[in-house]
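Per-entry structural report
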Amino acid sequence: MESAPFPHDLVQLQRAWNRTYDALAAPRPVANTVLRRRLLMLSARLWWHPFWSGSGRMRAARMELRSQARALDAQR
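Now for a description of the structure that goes with this document. The structure displayed is predicted, hence computed values, not measured ones.

Definitions and cut-offs
- Residues numbered from 1 in each chain as written.
- Predicted model: local features only at pLDDT ≥ 70, side-chain atom pairs only at ≥ 80, totals over all residues.
- Heavy atoms only, no water.
- Helix = DSSP H or I, 4+ residues; strand = E, 2+ residues; numbered from the N terminus.
- Buried < 20%, exposed > 50% of the residue type's maximum accessible area, 1.4 Å probe, protein only.
- Contact = heavy atoms within 4.5 Å.
- Areas by Shrake-Rupley, 256 points an atom, 1.4 Å probe, with all protein chains shown as cover.
- Phe/Tyr/Trp six-rings, centres within 6.5 Å; stacked < 30°, edge-to-face > 60°.
- Lys NZ or Arg CZ within 6 Å of the ring centre and 35° of its normal.

1. Let's talk about the overall build of the protein chain
- Scanning the protein chain from N- to C-terminus turns up three helices and zero strands.
- Written out in order from the N terminus, the α and β elements of the protein chain read α-α-α.
- When each of the 76 residues of the protein chain is scored for burial, the buried share is 28%.
- Residue pairs at least 24 apart in sequence account for 67% of intrachain contacts in the protein chain once pairs closer than 6 positions are excluded.
- In the structure as shown, the protein chain presents an accessible area of about 5600 Å², 57% of it carried by carbon and sulfur atoms.

2. Considering the packing of aromatic side chains
- On inspection of all chains with the given rule, the structure shows four aromatic pairs.
- Seen from their ring centres, Phe51 and Trp52 are 5.0 Å apart, and the 75° between their planes marks the pair as edge-to-face.
- Under the relative-accessibility criterion, Trp52 is labelled buried at 10%.
- Among the aromatic side chains, those forming a connected cluster through ring pairs are Phe6, Phe51 and Trp52.
- Across the ring face of Trp47, the terminal group of Arg62 is positioned such that the distance to the ring centre comes to 4.2 Å.
- Above the plane of the ring of Trp52 lies Arg62, whose end atom (NZ or CZ) is 4.2 Å from the centre.

Below is the structure:
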């Protein structure tokens, strides 16, 4: 499957979501409430991003976005 051309801001949102989720999933997270609120805000921004309003935007594309963001974070 060919990679979808995701907008840079959408990829950065997903990366921020990943980092926040990982921080919240850590044992005894610091600033638990702040992290939970940030995760909710990022989730809403990801879900309602204008990119998803185009035709043919499927669940598979959302999964591909997550995969690409994780791969970028793994490179660092």
